[in-house]
Amino acid sequence: MMTFLDWILRRQRVVVKETERAIVLRKGEVHAILTAGEHVLPRRGTDMQLQRCDIEAGSFSSPLEKALFDKLPTEAERHLRRLRTGPGELAIVERDGVIFAVLGPDRRLTVWNDAGPWTSHAVAPPADLAVEPVLIPRLVQARKAELVILHAVQDGQVGLLYVDGALVRTLAPGLHGFWNIGKPVQVKAIDVRQRSLDVNGQEVLTRDRVTIRVNIAAEFRVVDPVKAVTTVKDCEDAFYRALQYAFRKALGALTLDQLLERKTIVDAEAAEKVRSDMAQIGIEVGEIALKDVILPGEMREILNQVVAAEKQAEANVIRRREETNATRSLLNTAKVMAENPVMLRLKELEALEAIAGKVERLTVHNGVGGLMNDLVRLRDLTPADDK
């Protein structure tokens, strides 16, 4: 507030807050930096200007910076601090222990000393541009990760790190950060878990010129991610084609009958070739199975007829064999009865018991001997005699 005395003496009072600093300009030139408090300045028309700066923001960005350090170096260094990085250098600026800014290569930052305390840590980016793991969460929490590229590698995966197009190293599962200082950084995730691959509807011409379709199933996993990526363009596609070629070659050398009879052996022969080839590109192959053999419609009907005829022939053989066995058994029984009269009498009694069980009344004349003779006589009667 201007007093009468100030008006007489042609001066003015300026109040600067604790959170402010004021730069005094006279005739467009920097004259002083005012700290918190009340200041009395000479008033000479409009040749004096006042530029207020908020030091709570921390940084100082003004076109007057160079003029302050050139014309008022001592006062400028007392109030301001310049931070700079050279080519290929990084710096982490902390304000009272909290990350305030991250300076990339060839950058500078000017801060108010009274807004501190300030600390600056120089960082030399390694060849793979990796950010220290303990530093990543601090940068993320402070929202100062503009110069950091973040990549997450999931469980069951291995990351391949490329810097400037060249493969540098592999990455374990977890969050990884890399400095973004002009070199392109790429992370390619490779799944190293056990997986399955199906080759469905593969057409094969057998040696006897029958076109069939087969379904193949295989299990595999990547054991050497670097080799799997650098040896072939697409390791899974290479495995698919290896299965196709190996089974087409193995099955094409067999007739249809051999294929149906030796399915398991064919699997083993073809699988061994595939395993050997895939081991060279970093893939471990597990079980390989020929799941299905699909025949054309007319060929299925013919095979069904052949199978039906074979089963019918087998049934006829079994029937004849059983009939022969039954006849041989009767012949043996007759021989035993002829040689042993007691056995014959026992059989006759068994027959009598069977007949007696089927009639309501049975009258016996002349004893058991007469009954047996009558039975024999009845058995010998013809239908005409009975009448």
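Residues numbered from 1 in each chain as written. Predicted model: local features only at pLDDT ≥ 70, side-chain atom pairs only at ≥ 80, totals over all residues. Heavy atoms only, no water.

A. Structural context of the pattern of salt bridges. Under the criterion given, the structure shown has twelve salt bridges. Residues arginine 195 and glutamate 236 are paired through a salt bridge, measuring 3.2 Å at the closest nitrogen-oxygen approach. Remark: glutamate 236 occurs in helix α6 (residues 235-252) and arginine 195 occurs in strand β16 (residues 195-205); sequence separation between them is 41 residues. Taking the relative accessible area as the measure of exposure, arginine 195 reaches 23% and is therefore partly exposed. (Salt bridge = Lys/Arg side-chain N within 4 Å of Asp/Glu carboxyl O. Helix = DSSP H or I, 4+ residues; strand = E, 2+ residues; numbered from the N terminus. Buried < 20%, exposed > 50% of the residue type's maximum accessible area, 1.4 Å probe, protein only.)

B. Quick peek at the sheet that holds strand β17 (residues 211-222). Strand order in the open sheet formed by three strands is β16-β17-β18, and the pairing between neighbours is antiparallel. Two strands in the sheet have a free side with no partner beyond their single neighbour: β16 and β18 (283-294). Across the sheet, the axes of successive neighbouring strands diverge by a mean angle of 20°, strand direction being ignored. Direction of pairing for β16 relative to β17: antiparallel, over a ladder of nine bridges. Among the inter-strand pairings, arginine 195 is bridged to a residue of β17, identified as phenylalanine 220. The strands touched by α6 are β16, β17 and β18; relative to β16, the strand with the most contacts, the crossing angle is about 40°. (Pairing = 2+ DSSP bridges. Axes fitted to C-alpha atoms, helices over the stretch in contact; angles between N-to-C directions. Contact = heavy atoms within 4.5 Å.)

C. Spotlight on the packing of aromatic side chains. Taken as a whole and judged by the stated rule, the model has three aromatic pairs. On the basis of an interplanar angle of 75° and a centroid distance of 5.1 Å, the ring pair of phenylalanine 60 and tryptophan 112 is categorised as edge-to-face. Of this pair, phenylalanine 60 sits in the loop between β5 (48-54) and α2 (65-71) while tryptophan 112 sits in strand β9 (residues 108-112), placing them 52 residues apart in sequence. In this pair, the class of phenylalanine 60 matches that of tryptophan 112, namely buried. (Phe/Tyr/Trp six-rings, centres within 6.5 Å; stacked < 30°, edge-to-face > 60°.)

D. Geometry of the confidence of the model for the chain. In the predicted model, the chain carries a mean pLDDT of 81, and the fraction of residues at 70 or more is 81%. With pLDDT under 50 throughout, residues 378-382 is counted as low confidence; its partners more than four residues away or in other chains account for zero contacts. (pLDDT = per-residue confidence, 0-100.)

E. The arrangement of the layout of surface pockets in detail. As a volume, the second largest pocket reaches approximately 170 Å³. Lining the second largest pocket are 13 residues, with Lys188, Ile190, Val229, Asp234 and Cys235 positioned closest to its centre. Sorting the residues of the lining of the second largest pocket by element identifies β15 (185-191), α5 (225-231) and α6 as the ones contributing at least two each. If one sorts the elements of the lining of the second largest pocket by residue count, β15 sits on top with four residues. Considered class by class, the residues forming the lining of the second largest pocket number seven nonpolar, no polar and six charged. (1 Å grid on protein atoms, 1.4 Å probe; cavity = no way out; pocket = protein on both sides within 12 Å on 5 of 7 lines; lining within 4 Å. Points joined across faces, edges and corners; volume = space filled by probe spheres on them. Nonpolar A, V, L, I, M, F, W, Y, C, P; charged D, E, K, R; others polar.)

F. Representation of unusual backbone geometry. Geometrically, the link from glycine 116 to proline 117 is a cis peptide bond, its omega value of 10° lying close to zero. Among the structural elements, proline 117 can be located in the loop between β9 and β10 (118-123). Of note, lysine 27 is a non-glycine position whose phi angle comes to about 55°, a positive value. Inspection of the secondary structure puts lysine 27 in the loop between β2 (20-26) and β3 (29-34).

G. Looking closely at the nonpolar core. With 37 residues, the main nonpolar core has Ile212, Val214, Phe239, Leu243, Met278, Ile288 and Leu290 as its most contacted residues. At the level of elements, β12 (157-163), β16, β17, α5, α6, α7 (256-261), α8 (263-279) and β18 are the ones that each hand at least two residues to this core. When residues of this core are assigned to their parent elements, the largest contribution, nine residues, is made by α6. Counting 24 residues, the second-largest nonpolar core is a separate cluster that includes Ile23, Val30, Leu64 and Phe100. (Core = buried A, V, L, I, M, F, W, Y, C linked by side-chain atoms within 4.5 Å.)

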